[in-house]
Amino acid sequence: MVLETMRVIDWKRTMQFRNGRITRRAVLIGAAQAGVAASVPSRYQPSLAAEPSASLHEYLVWDVHGHLNTPGDTPRERIDNLLKFADRMGIERVIVFMGYPWAYDPSPDDVRRQNDQVLQAVKRSRGRAFGFAYLNPKHTEESLDELDRCVRDGPMVGVKLWVAIRCREKCLDPIVRRAVQLKAPVLQHTWYKITGNLPGESTAADLASLAARHPTASFIAAHAGGDWERGIRAIRSATNVTAEISGGDPTAGVVKMAVRELGAERVMYGSDFAGRSFASQLAKVLGADVPENAKRLILAGNIKRMLAPIFAAKGIPL
Amino acid sequence: MIIDVNVSLSRWPFRRLPCDELPRLIEKLRDCGVTEAWAGSFDGVLHKDIGGVNARLIDDCRKSRPGLLRPFGSVNPTLPDWREDLRRCHEDYRMPGIRLHPAYHGYRLDDPVFAELLTQAQRRGLIVQLVVRIEDPRMQHPLMRVPDVDTKPLPGLLAARPELSLVLLGALQTVRGEAITQLIRAGEVYFEISMLEGVGGISSLLGRVPGDRILFGSHCPFFVLESATFKLQESRLLPARANAITHQNARRLLTGVAAT
């Protein structure tokens, strides 16, 4: 990667946090030092000449979907690199899961190795990054042990399930029950691919089926089902499932439909960094024709509300 | 100042889009700081009456303030008498270029008719916009599955047409790595950023594509326009670099057309 190094600054040194939010003054200073103000459009970018009508940095943003797949020799280097970009985009906190390299059907040892990488990144972030425990439900007993290690006895605050097995299967039930005991939300990759899903890849309907068996659990449908026009419909009646909009192209209309069909309280921002950009995924929300209070719920309010019980149990300040 | 080289008018056949009516689109362009947009038409993707598509495109572009919408007409070389559509774009409508949809029009880039179209466009001094992808193939309508354009024949075609200016639209999730390098070496090819992904995407792209070959493109209204503007911020470009990508490279392309 070639980085524009001249005049690029360390935003962590210039950002000023106030009540957990990045202040406009800090952004304007940072933008000026970075030399971006001369080239940016009017609506969302900080301007030195006048107060912007709506700055990207006026929003509190928590990104609920990210990975360590960025340059760096260690998890610490990788999270440092990612947070540098998060700072530029006004993202206060990120949730990370899965280490590197990935496997569709990881062994219990591989799952532990990846969670250890995430734990290192979380520790390094000094409160900016939270971890969700990555599990392979095919190995149910080992998953329960890993859940205890990472969430009950460790700093992680949720569960991530990917593509090892479709989430409608019964072997997930003990894992979800344990997650409920720990107050941990469960984020499940969901996708409808007209080109064909992986054998263990869940659809949004699979997640709705699991959610119906566990009405007290909190679920996040990652990628809003991929093909979001189908995915949103599939979880519409599953009121304990929240649609998370990461991972797809910044197609116009996804957030508007999600808010219309689910309500703003059941929509969340995530990016799927570093494979996706913060930019394209934030745009889905900030460019959407939805009310301002809906944007604020989607960008941070809903995940903060969902994580409040486990944060309280762990003594983590919101 | 931003010149957005990838904007479309009219309606996408499979979904209403928030800015698929002209007043809303113009408002969005203005809100995001876009001072000029190179506009094709979604109608050009599937309609067979391409002459009508391009006539409406011209009418719509004239409804905006002068210079905001710059029309790029559709040409489908599988239709009878496509050369007349090309002539009208150039001579009657004074368009700076044309927009091609090989995947939707059903021809490959090694088809001799495509080579002829490029030759004629070069002779007329028209910019050629080639749409590699409109929509993620995983999410298309089940009865309308359209693969990305296979660009492998392009280096050879470009090398034989050194005066041709080719802008690839929606290419950067499809054309990657060495294929990009080959295209850059082969001729005057440009990439726009609408499909570019990954954290710090433009910074990464600059490791493979010279800064004077990258254009600002949003794929609006199919994509949210802010996606492209936010990418500028995420990569924290030097002002000179940002200015080149947001408008100077596109302006230079247009100047070349005018000179021709």
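Our subject is the structure listed above.
The structure contained in this document is the topic of the report that follows. (Residues numbered from 1 in each chain as written. Chains lettered and ligands numbered in written order. Predicted model: local features only at pLDDT ≥ 70, side-chain atom pairs only at ≥ 80, totals over all residues. Heavy atoms only, no water.)

All right, on to the overall build of chain A then. Per the secondary structure count, chain A includes 11 helices and 10 strands. Put simply, chain A has 318 residues, and 62% of those count as buried. Restricting the contact set of chain A to residue pairs at least 6 apart, pairs at least 24 apart contribute 72%. Roughly 11,700 Å² of accessible area belongs to chain A as shown, and the carbon and sulfur atoms make up 51% of that amount. (Helix = DSSP H or I, 4+ residues; strand = E, 2+ residues; numbered from the N terminus. Buried < 20%, exposed > 50% of the residue type's maximum accessible area, 1.4 Å probe, protein only. Contact = heavy atoms within 4.5 Å. Areas by Shrake-Rupley, 256 points an atom, 1.4 Å probe, with all protein chains shown as cover.)

Residues and elements named next belong to chain B. With respect to the element layout, Ile180 can be found in helix α8 (residues 178-186). C-alpha separation for the pair Ile180 and Leu205, spaced 25 residues apart in sequence, amounts to 10.0 Å. Aside from chain neighbours lying at most four places away, what touches Ile180 is Leu172, Val175, Phe191, Arg208 and Val209.

Residues and elements named next belong to chain B. Taken as a whole, this structure holds zero disulfides over all chains when the rule is applied. As a non-bridged cysteine, Cys19 has Cys220 as the owner of its nearest cysteine sulfur, 5.2 Å distant. Judged by its relative accessible area of 8%, Cys19 is buried. (Disulfide = S-S within 2.5 Å.)

Bringing the pairing of strand β3 (residues 69-74) of chain B into the picture now. Residue and element names in this part refer to chain B. Within β3, five of the six residues are buried, leaving the element largely enclosed by the surrounding structure. Sheet analysis places β3 next to strand β4 (residues 97-100), joined by three bridges and oriented parallel. Bridge assignment links Ser74 to a residue of β4, and that residue is Arg99. (Pairing = 2+ DSSP bridges.)

It is worth spelling out the nonpolar core at this point. With 105 residues, the main nonpolar core has A:Tyr269, A:Phe278 and A:Leu282 as its most contacted residues. Broken down by element, this core gets its largest block of residues, nine residues, from helix α11 (residues 292-314) of chain A. Apart from the residues lying within four places of it in its own chain, the contact partners of A:Phe278 are A:Asp63, A:Leu82, A:Phe85, A:Ala86, A:Met89, A:Ile91, A:Tyr269, A:Ser271, A:Phe273, B:Val199 and B:Glu234. Residues B:Leu130, B:Val149, B:Leu166 and B:Ile193 belong to the second largest nonpolar core, which totals 66 residues. (Core = buried A, V, L, I, M, F, W, Y, C linked by side-chain atoms within 4.5 Å.)

Turning our attention to unusual backbone geometry. Residue and element names in this part refer to chain A. Following Tyr100, the chain continues to Pro101 via a peptide bond in cis, the omega torsion being -10°. You can see Pro101 is positioned in the loop between β4 (93-96) and α4 (108-125). Residue Ala274 follows Phe273 across a cis peptide bond; omega there is 0°. Following the sequence through the fold, Ala274 ends up in the loop between β10 (267-268) and α10 (278-286). Even without glycine at this site, Met98 takes up a positive phi of about 70°. Checked against the element boundaries, Met98 lands in the loop between β4 and α4. Residue Met98 is classed as buried on the basis of its relative accessible area, which comes to 0%.

Attention shifts here to the pairing of strand β6 (residues 165-169) of chain B. Residue and element names in this part refer to chain B. For β6, the buried fraction is high: five of the five residues fall into the buried class. Where burial is concerned, the two faces of β6 agree: the one with Ser165, Val167 and Leu169 and the one with Leu166 and Leu168 are both buried. Across four bridges, strand β5 (residues 127-131) lies against β6 in parallel orientation. Looking across to β6, one finds that Val131 is bridged to Leu169. The β-α-β motif built from β5, the intervening helix α7 (residues 154-159) and the parallel element β6 has right-handed crossover chirality. Both β6 and strand β7 (residues 188-192) contribute to a ladder of four bridges, which runs parallel. (Right-handed = clockwise from strand over helix to strand, strands pointing away.)

The next subject is the interface of chain A and chain B. Facing the 55 residues of chain A at the interface are 47 residues of chain B. Interface area, chain A with chain B, both sides summed: about 4,500 Å², of which 57% is carbon and sulfur. Summed over the shared surface of chain A and chain B, the number is two salt bridges. Where chain A meets chain B, there are 15 residue pairs in polar contact (both at pLDDT 80 or more). Elements represented by at least two residues in the side of chain A that touches chain B include exactly α3 (75-88), α8 (228-234) and α10 of chain A. For the side of chain A that touches chain B, a count of residues per class yields 30 nonpolar, 14 polar and 11 charged. (Buried area = accessible area lost by both parts, 1.4 Å probe. Salt bridge = Lys/Arg side-chain N within 4 Å of Asp/Glu carboxyl O. Polar contact = N/O pair within 3.5 Å; in protein donor to acceptor, adjacent residues only side chain to side chain. Nonpolar A, V, L, I, M, F, W, Y, C, P; charged D, E, K, R; others polar.)

A full pass over the atoms with the stated rule returns 45 salt bridges over all chains. Two residues, A:Asp105 and A:Lys138, come together in a salt bridge whose shortest N-O distance is 2.8 Å. Linking A:Asp105 in the loop between β4 and α4 with A:Lys138 in the loop between β5 (129-135) and α5 (140-152), this pair joins segments that are 33 residues apart in sequence. For A:Asp105, a relative accessible area of 41% translates into the label partly exposed. A salt bridge links B:Glu91 to B:Arg87; the shortest N-O distance between them is 3.2 Å. Remark: B:Arg87 and B:Glu91 occur in helix α4 (residues 82-92); sequence separation between them is four residues, near one turn of the helix. Given a relative accessible area of 23%, B:Arg87 falls into the partly exposed group. Overlapping salt bridges, with partners in common, bring together B:Glu84, B:Arg87, B:Arg88, B:Glu91, B:Asp92 and B:Arg124 in one network.

On to helix α6 (residues 173-181) of chain A, then. Residues and elements named next belong to chain A. Listed as buried for α6 are Asp173, Ile175, Val176 and Ala179. Down the axis of α6, the buried set is contained in an arc of 160°. They therefore lie on one face. The elements touched by buried residues of α6 are β5, α5, β6 (158-161), β7 (186-189), α7 (204-213) and β8 (219-222). Downstream of α6 by one or two residues, Lys183 has phi in the positive range, about 65°. (Arc of directions from axis to C-beta.)

For the rest of this paragraph, the subject is the sheet that holds β5(B). All names here are of chain B. The strand order β1-β2-β3-β4-β5-β6-β7-β8 describes an open sheet built from eight strands, whose pairing is parallel. The sheet is open, and its two edges are formed by β1 (2-9) and β8 (214-215), each paired on a single side. Each of β4 and β5 is contacted by helix α6 (residues 112-124), which is oriented at about 165° to β4, the strand it contacts most. This element, α8, spans β6 and β7 of the sheet and lies at about 135° to β7. (Axes fitted to C-alpha atoms, helices over the stretch in contact; angles between N-to-C directions.)

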